[in-house]
Amino acid sequence: MAEIRLFIDAPGHTATATTQLLQELVRAAKVDARPAPAESPEGSKSGAGATIAELVLNGALPAAVAAAVASVVTAFVQRGSARKVTIKSGDDQISVQGVDAKTQKALVEAWLRDHEGEG
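Residues numbered from 1 in each chain as written. Predicted model: local features only at pLDDT ≥ 70, side-chain atom pairs only at ≥ 80, totals over all residues. Heavy atoms only, no water.

Enquirer: Just to check I follow, could you spell out the overall build of the protein chain for this structure?
Expert: A tally of regular secondary structure across the protein chain gives three helices and five strands. Burial statistics for the protein chain: of 119 residues in total, 39% are counted as buried. Partitioning the intrachain contacts of the protein chain with sequence separation of at least 6 by distance along the chain shows that 66% fall at a separation of at least 24. With the model as given, the accessible surface of the protein chain reaches about 6,400 Å², and the carbon-plus-sulfur share is 51%. (Helix = DSSP H or I, 4+ residues; strand = E, 2+ residues; numbered from the N terminus. Buried < 20%, exposed > 50% of the residue type's maximum accessible area, 1.4 Å probe, protein only. Contact = heavy atoms within 4.5 Å. Areas by Shrake-Rupley, 256 points an atom, 1.4 Å probe, with all protein chains shown as cover.)

Okay, here's the thing in structure tokens:
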């Protein structure tokens, strides 16, 4: 399976939002997730000014888990905990932004199911 990464765009409170999403994914979606190693932008001395953080989902995402991840991420963005969450697998990605929650959840769930068997 291809590695799935979540990029959290939460200007002003990136660390808090990232920790919150990580906890929600582990607790509610029962997914094995971890923070990605921090990488500083080229030419910078530290990543402290970054507004985007990254999480990595480990292991397979069967349909039930994909649905739970989609629900958690959609609710997280809808609450305003982050401006946007981008989910990537290889060169393919989908972004969750403040749009209709039901539609967004269905799209994310389908995207995750489509990428479950890759790798």
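Enquirer: Would you mind showing me how to read the nonpolar core here?
Expert: Inside soluble globular proteins, nonpolar side chains tend to come together where they are buried. Ranked by size, the top nonpolar core spans 30 residues in total, and within it Leu6, Leu21, Leu25, Val69, Val85 and Ile87 carry the most contacts. If you list the elements that add at least two residues to this core, you get strand E1 (4-9), helix H1 (14-28), strand E3 (52-58), helix H2 (63-78), strand E4 (84-89), strand E5 (92-97) and helix H3 (101-115). Setting aside its immediate chain neighbours within four residues, Val69 contacts Leu25, Ala29, Val31, Leu57, Leu61 and Leu112. (Core = buried A, V, L, I, M, F, W, Y, C linked by side-chain atoms within 4.5 Å.)

Enquirer: When you look at the packing of H1 against H2 in this model, what are you seeing that I'm missing?
Expert: Between two packed helices, the angle of one axis relative to the other and the distance separating the axes together describe the packing. Running from N to C, H1 and H2 cross one another at 150 degrees; their axes reach a closest spacing of 10 Å. Here H1 is positioned roughly antiparallel relative to H2, judged by the angle of their axes. The handedness of the crossing between H1 and H2 is right-handed. Side by side, H1 and H2 meet where Ala17, Gln20, Leu21, Glu24, Leu25 and Ala28 of the first sit next to Ala68, Val69, Val72, Val73 and Phe76 of the second. Split by residue class, the contact of H1 with H2 holds nine nonpolar, one polar and one charged. (Axes fitted to C-alpha atoms, helices over the stretch in contact; angles between N-to-C directions. Parallel < 35°, antiparallel > 145°, perpendicular 65-115°, else oblique. Left-handed = near helix turned anticlockwise from the far one by under 90°. Nonpolar A, V, L, I, M, F, W, Y, C, P; charged D, E, K, R; others polar.)

Enquirer: Hey, could you run me through the packing of H2 against H3 in this one?
Expert: Close contact between H2 and H3 brings their axes to 8 Å; oriented N to C, the two are set at 140 degrees. With respect to each other, H2 and H3 are oriented oblique. Considering how the two elements wind past one another, H2 and H3 form a crossing that is right-handed. Judged by residue contacts, Ala63, Ala66, Ala67, Val69, Ala70, Ser71, Thr74 and Gln78 of H2 engage Ala101, Gln104, Lys105, Val108, Glu109, Leu112 and Arg113 from H3.

Enquirer: Where do I start with the packing of aromatic side chains in this structure?
Expert: In this structure the tally under the stated criterion is zero aromatic pairs. Above the face of the Phe7 ring, Lys88 is positioned so that its terminal group lies 5.2 Å from the ring centre. (Phe/Tyr/Trp six-rings, centres within 6.5 Å; stacked < 30°, edge-to-face > 60°. Lys NZ or Arg CZ within 6 Å of the ring centre and 35° of its normal.)

Enquirer: In this structure, what is going on with H1? I would like to understand it.
Expert: Note that an α-helix has 3.6 residues per turn; residues three or four places apart therefore point the same way. The first and last C-alpha atoms of H1 sit 21 Å apart over 15 residues, in line with the 21 Å expected at 1.5 Å per residue. Within H1 the residues assigned to the buried category are Thr14, Ala17, Thr18, Leu21, Leu22, Glu24 and Leu25. The buried residues of H1 all sit within an arc of 165 degrees when viewed along its axis, so they share a single face. Counted as exposed and oriented over 90 degrees from the buried face of H1: Ala15, Thr16 and Arg27. Where H1 is buried, its residues contact E1, strand E2 (32-35), E3, H2 and E4. Looking at the residues trailing H1, positive phi occurs at Lys30, about 55 degrees. (Expected span 1.5 Å × (residues − 1). Arc of directions from axis to C-beta.)

Enquirer: Is there a simple way to explain the sheet that holds E1 in this structure?
Expert: In a beta sheet, neighbouring strands pair by backbone hydrogen bonds and run either parallel or antiparallel. Ordered in space as E2-E3-E1-E4-E5, the five strands form an open sheet in which the pairing is antiparallel. For this open sheet the edge positions go to E2 and E5, each flanked by a neighbour on one side alone. The average undirected angle you get between the axes of adjacent strands in this sheet is 25 degrees. Sheet analysis places E2 next to E3, joined by four bridges and oriented antiparallel. Paired with Pro35 across the two strands is Leu55, which belongs to E3. In the packing of H2 onto the sheet, the strands contacted are E1, E3, E4 and E5, and the crossing angle to E5 comes to about 45 degrees. (Pairing = 2+ DSSP bridges.)

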